[in-house]
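Listed here are the chains, written in short residue letters.
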Amino acid sequence: MAQESLPGITDRRLAALLTLLTENATIVISGARIAREIGVSRSMVWQWVRQLRGLGVRVRAQRGAGYFLERVPDILTPDMLRQRLKGSLFGKHVYHFFKTDSTNRVALELGHAGEPEGAVVLAEEQTAGKGRAGRAWQSERAAGIYMSLLLRPRLAPVQAPLLTMMAGLSARTAIATHTELTPDLKWPNDLLVNGKKVGGILTEMHAEPSQVRFVIVGIGLNVNQEKFPGELGTTASSLRIETGKPVSRLELLVRLLREFENDYNRFLREGPAGVTRKFEAVSSYAQGKRVRVTNGTASFTGMTAGLGPEGLLLVKRDDGLVVTVISGDVAEAR
Ligand code: BTN
């Protein structure tokens, strides 16, 4: 889809300016050279420098000499991602926003407009990030990874939710590779560290009765947040809080996309059994956990008893009946 028709998308030349400054970090580059290399006027360069500063990028101007970056920003520019993801399904169409309402909303729009499989929508900040069950997803600027992937798998609609679990597994591996943390997975879509949520996945799809048209897998990871507002502080955490160190969002993202692509290809080739088996093996919630399942105002308690073939959670209720949980919230019960 033509980039210009997506309001708020990061201007290609602004992204090029950021790449140029990053690749020459701490070296002063003249305004004239920047203007020449990215094809804009010198006064436009100055305007963009101001815009980048407003976005938290520390660009310094040296009178008469030019501009330089004080510190390399951990911004997920499309150019850097494309370079790092050459040859990958996700390296072709990267849509980057400094600010948007929801990357899932943008990706759904792209899906309806016929965008091919593999498009990645990324935002540094979301003003209306969507969580599961109509909840909001807090998306502090440049602190987390807020990303949506557009997929066009040949799957029946009932199988699409397995992609949520698969994405959780990919994110878990990426985090374990990059930090000393190995998150637990709570069915269907939570990544937990020390019982607190560090990530979540929201899958949305457009389908005919027997065939998926496209699926949007939205992944939110709390990476470098130092605290969470109000109530959220008791249930949410970030990789930085849990490790005590900042984590590179770019490195984590590249690893996540590589893991996701491998897992996705395996899933399409070998079917869902691998996903459900692996989920059962690594999630402390999949089997033998006492839980409360809440759906709207109704709720019950029981013991988890594995996953069904389509990835739905089985729970043996206290009255002995084994039920399949299709939707609803699962929480540990004591
Ligand atoms: C949840 O656990 O409730 C799911 C959270 C999913 C959040 C991500 S952030 C990127 C993508 N865009 C959205 O609006 N939501 C998802």
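Residues numbered from 1 in each chain as written. Predicted model: local features only at pLDDT ≥ 70, side-chain atom pairs only at ≥ 80, totals over all residues. Heavy atoms only, no water.

For the rest of this paragraph, the subject is unusual backbone geometry. Residues apart from glycine generally show negative phi values, whereas peptide bonds are mostly found in trans. Look at the link from W187 to P188: it is a cis peptide, with omega at -5°. Within the fold, P188 resides in the loop between β6 (184–186) and β7 (190–193). One non-glycine residue, T26, lies in the positive phi region at around 70°. Residue position: T26 is located in the loop between α1 (12–23) and α2 (31–38). One non-glycine residue with positive phi stands out, namely A142, at about 60°. For A142, the position within the fold is in the loop between β4 (120–123) and β5 (144–151). A residue is classified by how much of its surface remains accessible, and A142, at 29% relative accessible area, is partly exposed. (Helix = DSSP H or I, 4+ residues; strand = E, 2+ residues; numbered from the N terminus. Buried < 20%, exposed > 50% of the residue type's maximum accessible area, 1.4 Å probe, protein only.)

It is worth spelling out the layout of surface pockets at this point. When its volume is computed, the largest pocket comes out at roughly 820 Å³. Lining the largest pocket are 41 residues; nearest its centre among them are R135, W137, D190, K197 and L232. When residues of the lining of the largest pocket are traced back to their parent elements, those giving at least two are α5 (103–112), β5, β7, β8 (196–207), β9 (212–222), α7 (232–235) and β14 (329–332). Per-element accounting of the lining of the largest pocket gives the leading share, 5 residues, to β8. Split into classes, the residues belonging to the lining of the largest pocket amount to 15 nonpolar, 17 polar and 9 charged. Here the second largest pocket is characterised by a volume of approximately 510 Å³. Lining the second largest pocket are 21 residues; nearest its centre among them are G56, R71, P73, D74 and A142. Taken together, the residues of the lining of the second largest pocket break down into 9 nonpolar, 4 polar and 8 charged. (1 Å grid on protein atoms, 1.4 Å probe; cavity = no way out; pocket = protein on both sides within 12 Å on 5 of 7 lines; lining within 4 Å. Points joined across faces, edges and corners; volume = space filled by probe spheres on them. Nonpolar A, V, L, I, M, F, W, Y, C, P; charged D, E, K, R; others polar.)

Turning next to the packing of helix α6 (residues 162–178) against helix α9 (residues 249–270). Relative to each other, α6 and α9 sit at 140°, their axes nearing to 8 Å. By the angle between their directions, the pair α6 and α9 is classed as oblique. The two elements α6 and α9 meet at a crossing, and its hand is right-handed. Between α6, through L162, L163, M166, A167, L169, S170, A171, T173, A174, I175, T177 and H178, and α9, the contact on the second element is made entirely by E251, L252, R255, L256, E259, F260, D263, Y264 and F267. Within the contact of α6 with α9, the residues separate by chemical class into 13 nonpolar, 4 polar and 4 charged. (Axes fitted to C-alpha atoms, helices over the stretch in contact; angles between N-to-C directions. Parallel < 35°, antiparallel > 145°, perpendicular 65-115°, else oblique. Left-handed = near helix turned anticlockwise from the far one by under 90°. Contact = heavy atoms within 4.5 Å.)

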